[in-house]
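Coordinates in review
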Amino acid sequence: MLKQRNILAVYFLVTCCFLPVSLSSYGNTIDKSLTPINLQLRWFHQFQFAGYYVAKELGYYEQAGLDVNIIPGAPGIDPIEEVTSGKAHFGVDNSGLVWARSEGKPVKAIAAIFQKSAVRFIVLGSEQVNPESLKGKKVMLLPGYGSLVLIALLEHEHLLDQVIKIDSTKNIQDLIDKNIFAFNGYASNEPFILESQEIPY
């Protein structure tokens, strides 16, 4: 089993970093001798996980003896919890994994793909803002490890105790309705919604 996990780690790393430029068929039949593997994503099926889908489509996992089931995330689903509870064999997560490990959770990073975080504070308006603009304001944060990047920003700017922290509803409408000053968003999601409604942010 350890050998299979090592092989899977390599394939996940390779397919995440390099997308093949041409697709070809490796056959659609699943060999019953393949080892079933559940891979828990951080969020719904979307382009940021493209490497996993392409690897499955091209039959790379099958070549490694694996039948990989890619499970989408959703609000309330924590990949770390899914793995530690045994529901998933592998999970995709962010720097919260380090925090979880420091709290004694039996998790390991088998592949580290460094990238610029897509997590953002999003505020309304066309004026330029900076971290100091958040002082004394209501800001939404995900519970647990989800907003670790934003918490680190607030801590770095000595603002963690100077903002009003609200548990995120994961609904950008709260920002649109001005129930909060800053929303914990994702660069590829909420800006699209705001732009489609011609709302400056």
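Residues numbered from 1 in each chain as written. Predicted model: local features only at pLDDT ≥ 70, side-chain atom pairs only at ≥ 80, totals over all residues. Heavy atoms only, no water.

Notes on the confidence of the model for the chain
Put simply, the rule is: For every residue, the predictor reports its confidence as pLDDT, a number between 0 and 100. Only DSSP runs of H or I reaching four residues or more are called helices, and only runs of E reaching two or more are called strands; each is numbered from the N terminus. Whether two residues are in contact is decided by their heavy atoms, any of which lying within 4.5 Å being enough.
With 84% of its residues at a pLDDT of 70 or more, the chain shows a mean pLDDT of 85. Of all secondary-structure elements in the chain, the lowest mean pLDDT belongs to helix α1 (residues 2-17), at 43, while strand β2 (residues 66-71) reaches the highest, 98. With pLDDT under 50 throughout, residues 1-28 is counted as low confidence; its partners more than four residues away or in other chains account for 47 contacts.

Some points on the layout of surface pockets
Empty space among the atoms becomes visible once a probe the size of a water molecule is rolled across them. Here is the rule: Of the grid points, spaced at 1 Å and generated over the protein atoms alone, those admitting a 1.4 Å probe that cannot get out make up cavities, while open sets with protein on both sides within 12 Å along at least five of seven lines make up pockets; any residue with an atom within 4 Å of a point is treated as lining. Grid points are joined across faces, edges and corners, and a volume is the space filled by probe spheres set on the points.
If you add up the space inside the second largest pocket, you get close to 680 Å³. Taken together, 28 residues line the second largest pocket, and the ones lying closest to its centre are R42, W43, L142, G146 and K170. Among the elements of the structure, β7 (183-186) and α8 (190-196) are those that each provide at least two residues to the lining of the second largest pocket. Top element by residues in the lining of the second largest pocket is β7. It accounts for 4 residues.

Some details on the environment of D161
With respect to the element layout, D161 can be found in the loop between α6 (148-156) and β6 (164-167). In this structure, the C-alpha to C-alpha distance between D161 and G136, residues 25 residues apart in sequence, is 9.1 Å.

Concerning the packing of aromatic side chains
Describing an aromatic ring pair means giving the distance of the ring centres and the angle of the ring planes. Filter applied, for reference: Only Phe, Tyr and Trp rings take part, Trp by its six-membered ring, and two of them pair if their centres are within 6.5 Å. Stacked means planes under 30 degrees apart, edge-to-face means over 60, and tilted covers everything else. Two conditions define a charge sitting above a ring: the NZ of Lys or the CZ of Arg must be within 6 Å of the ring centre, and it must be within 35 degrees of the ring normal.
Tallied over the full model, the rule gives 1 aromatic pair. Across the ring face of F181, the terminal group of K137 is positioned such that the distance to the ring centre comes to 4.6 Å.

Details of the environment of Q162
Cut-off, in case you're wondering: Counting of polar contacts relies on pairs of N or O atoms within 3.5 Å, with two restrictions inside protein: one atom must be capable of donating a hydrogen and the other of accepting it, and residues adjacent in sequence are counted only when both atoms are side-chain atoms.
Here Q162 is to be found in the loop between α6 and β6. Sequence separation of Q162 and E132 is 30 residues, and the distance between their C-alpha atoms is 9.7 Å. Sequence-distant contacts of Q162, defined by excluding residues within four places in its chain, comprise L134, K135 and G136. Only 3.3 Å separates the side chain of Q162 from the side chain of K135, close enough to count as a polar contact.

What about the nonpolar core?
Spelled out, the test is: Take the buried Ala, Val, Leu, Ile, Met, Phe, Trp, Tyr and Cys residues and link them wherever side-chain atoms come within 4.5 Å; each set so joined is a nonpolar core. For each residue, the accessible area found with a 1.4 Å probe, counting protein chains only, is set against the maximum for its type, and the residue is called buried under 20%, exposed over 50%, and partly exposed in between.
Residues F121, L134, V139, L154 and A182 are the most contacted members of the largest nonpolar core, which totals 14 residues. Only β4 (119-122), β5 (138-141) and α6 provide two or more residues apiece to this core. With residues near it in sequence (within four places) discarded, L154 still touches F121, L134, L141, L159, L160 and V163. In terms of nonpolar packing, the next biggest core, distinct from the first, is built from 13 residues, L41, Y52, A64 and F90 among them.

A few points about the sheet that holds strand β3 (residues 90-91)
Counted only if it meets this: The pairing criterion for strands is at least two bridges between them, as found by DSSP. Axes, fitted as lines to C-alpha atoms, cover a helix only where it is in contact. Angles between the N-to-C directions of the axes lie from 0 to 180 degrees.
Taken together, 3 strands build an open sheet; the order of strands is β2-β1-β3 and the sheet is parallel. Of all the strands in the sheet, the pair left with one neighbour each is β2 and β3. Here strand β1 (residues 35-40) runs beside β3; their pairing, made up of 2 bridges, is parallel. Bridge pairing in β3 links L39 to F90. Strand contacts of helix α2 (residues 50-57): β1 and β2, with the helix running at about 145° to β2, the strand carrying the most contacts.

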